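Chains, contacts and geometry: an overview
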Amino acid sequence: MKHVIVTNTGNTRQARQLAERGDLRVLFVTEPRFVDQYPEGTELALVDDLNVPEAATAAVTAARQLGEFTHVLALSERASQAAGHLRSHLGLPGPSFDTVVNCTDKQAMKQRFLEAGLPTARHAVAADAAGLAAALRETGYPAIVKPVIGAGADATEVIRSAAELATPAVQAYLDRLTHPATTSEKAFPVVVEQYLDVLNEYHCDGLVADGRVTFVRVSRYLKPVLGYGEGGVFGSHLLDQDSAEAAAVRELHERAVRAVGLRDGVTHFEALETADGFHAGEIACRPGGGGIRRMLQLDSGFDTWGAYIASSFGEAYEVPAAAGASDSGATDPGLLVEMLFPAVRGTVTAISAAEDFTAIPGVIEVDMRLTPGDTVGGLMDSSTVSGLVFARTSAGRDVAAVVRDVEAAFHMETAAPEETAA
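The rules behind each value
- Each chain carries its own residue numbering, running from 1 in the direction its sequence is written.
- Local features are withheld for residues below a pLDDT of 70 in this predicted model, meaning they are given only at 70 or higher, and side-chain atom pairs are given and counted only at 80 or more; totals for whole chains, interfaces and linings count all residues.
- Only hydrogens and water are removed before side-chain values are computed, so all heavy atoms of the structure are retained for them.
- In this description, a line fitted to the C-alpha atoms serves as the axis of each element, helices being fitted only across the stretch in contact, and the angle between N-to-C directions of two axes falls anywhere from 0 to 180 degrees.
- Only DSSP runs of H or I with at least four residues qualify as helices, and only runs of E with at least two residues qualify as strands; both kinds are numbered from the N terminus onward.
- Any angle between 65 and 115 degrees counts as roughly perpendicular, while under 35 counts as roughly parallel, over 145 as roughly antiparallel, and the rest as oblique.
- Any pair of residues with heavy atoms lying within 4.5 Å of one another is described as a contacting pair.
- Residue classes follow a fixed rule: Ala, Val, Leu, Ile, Met, Phe, Trp, Tyr, Cys and Pro count as nonpolar, while Asp, Glu, Lys and Arg count as charged, and any other residue, Gly among them, counts as polar.
- With a 1.4 Å probe rolled over the protein chains alone, any residue whose accessible area is under 20% of its type maximum counts as buried; one over 50% counts as exposed, and the rest are partly exposed.
- Strand pairing is defined by DSSP finding a minimum of two bridges between the two strands.
- Whenever a carboxyl oxygen of Asp or Glu lies within 4 Å of a side-chain nitrogen of Lys or Arg, that contact is scored as a salt bridge.

**Some remarks on the packing of helix α4 (residues 97–104) against helix α5 (residues 106–115)**
- With their axes 5 Å apart at the nearest point, α4 and α5 run at an angle of 95° to one another. Taken as axis vectors, α4 and α5 run roughly perpendicular relative to one another. Note on element contacts: α5 touches α4 through Lys-106, Ala-108, Met-109 and Arg-112, opposite Val-101, Asn-102, Cys-103 and Thr-104.
- When the residues that make up the contact of α4 with α5 are grouped by side-chain class, the tally is four nonpolar, two polar and two charged.

**Focus on the pairing of strand β13 (residues 277–284)**
- Within β13, six of the eight residues are buried, which leaves it mostly tucked inside the rest of the structure.
- In this structure, strand β12 (residues 265–274) lies alongside β13, joined through seven bridges in antiparallel fashion. In the sheet register, His-268 faces β13, and the bridge partner there is Ala-284.
- In this structure, the hairpin formed by β12 and β13 is closed by a connection of two residues.

**Quick notes on the sheet that holds strand β6 (residues 143–147)**
- As summarised here, the arrangement of the four strands in space is β5-β8-β6-β7, forming an open sheet in which the pairing is antiparallel. Of all strands in the sheet, those with a lone pairing partner are β5 (123–126) and β7 (157–159), marking the two edges. Sheet twist, expressed as the average angle between the axes of neighbouring strands with direction ignored, equals 25°.
- Across four bridges, the pairing between β5 and strand β8 (residues 190–194) is antiparallel. Residue pairing in the sheet places Ala-126 in a bridge with Val-190 of β8.

**Describing the pattern of salt bridges**
- Enumeration over the complete set of coordinates arrives at 23 salt bridges.
- In this structure, Arg-33 and Glu-31 form a salt bridge, with 3.4 Å as the shortest nitrogen-oxygen distance.
- Arg-64 is the salt-bridge partner of Glu-68, the closest N and O atoms lying 3.0 Å from each other.
- For Glu-68, a relative accessible area of 29% corresponds to the partly exposed category.
- For Arg-64, a relative accessible area of 7% puts it in the buried group.
- One network of salt bridges, in which partners are shared, links Lys-2, Arg-21, Asp-23 and Glu-315.

Given below as structure tokens:
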């Protein structure tokens, strides 16, 4: 039996599946506000703030004999540095603390990219609001400001001129980073990056075993991630893996994996295409979010979470041989598309149902997450969705046509909480 430490914030689904495995004895390391998500009798070690890796190590030391443990797994990016610290402290297999920092701390990541000669946006770091103006002078305007630690595109701000620093919107943004309401919300320090005129944004999802990339797929976002705040359907679609674009992103992904020192685990890498070529964006040593996992499963049977957990536990993961094969056996399977509908704060009064999409040519699966009466609130980021639709293109029907028809079929109406309470 494996004795494993699982660092986790709010991933209840994977936590439950791990707790139910008979071959594991699991100690979950989490924060007090997540305790209610675990069934009675679950073994827990509590820390006030999982953003402090040393605190997790201290909590585990107090809870159990350290020599019992065999593996460490993180179920969220925010819990990843704590997992890396535990591995390094206990001498357990898997990505070390330094490697995890290279994959989660945007400043460290950018430094590794630069040292390896990868093309990437120039950057500077600001420890607080007072240091932001100096960092912006170093990168120039316009620039993208985003927290050094944290996944997703939330709490990302484009500042186009020095005058914008004094606007109420930017001041409110800086205040949120200075005084985060909970440990889950983004905070200073921030990395300030040169703004690139992005033509297309890509993600590359892979599996690394003993320092070698053993599985990789390249996809293009339906629109650059910074555009998600504009509303409308977002997501991505798999590329023709023999295309020049896919080859260019795969090459950057290989170099990024070596730069951050990842030898075992899964990757989610993002690349930006500009008029000057391709640039390395960010790399993470965890599965991609949204509908990416399911899109890859529908494409080839590759399960990013299954591969991630197996790698973390030192177990072999068999990479599917039928990559790109059609579920139906068709000779032209087309390209897979994952489309996500945004969620809006408030109570849902009306929303599309799964059957509203099933007649659209190419649609193969629908997963609606919200129904009338559901209330959306709390921490929201780019992964907060009201539903997902998966489709396959076919001869004479391109990605844009599929997305257009799906978007036209979607509707959602919400009421502010005070309206529904009246």
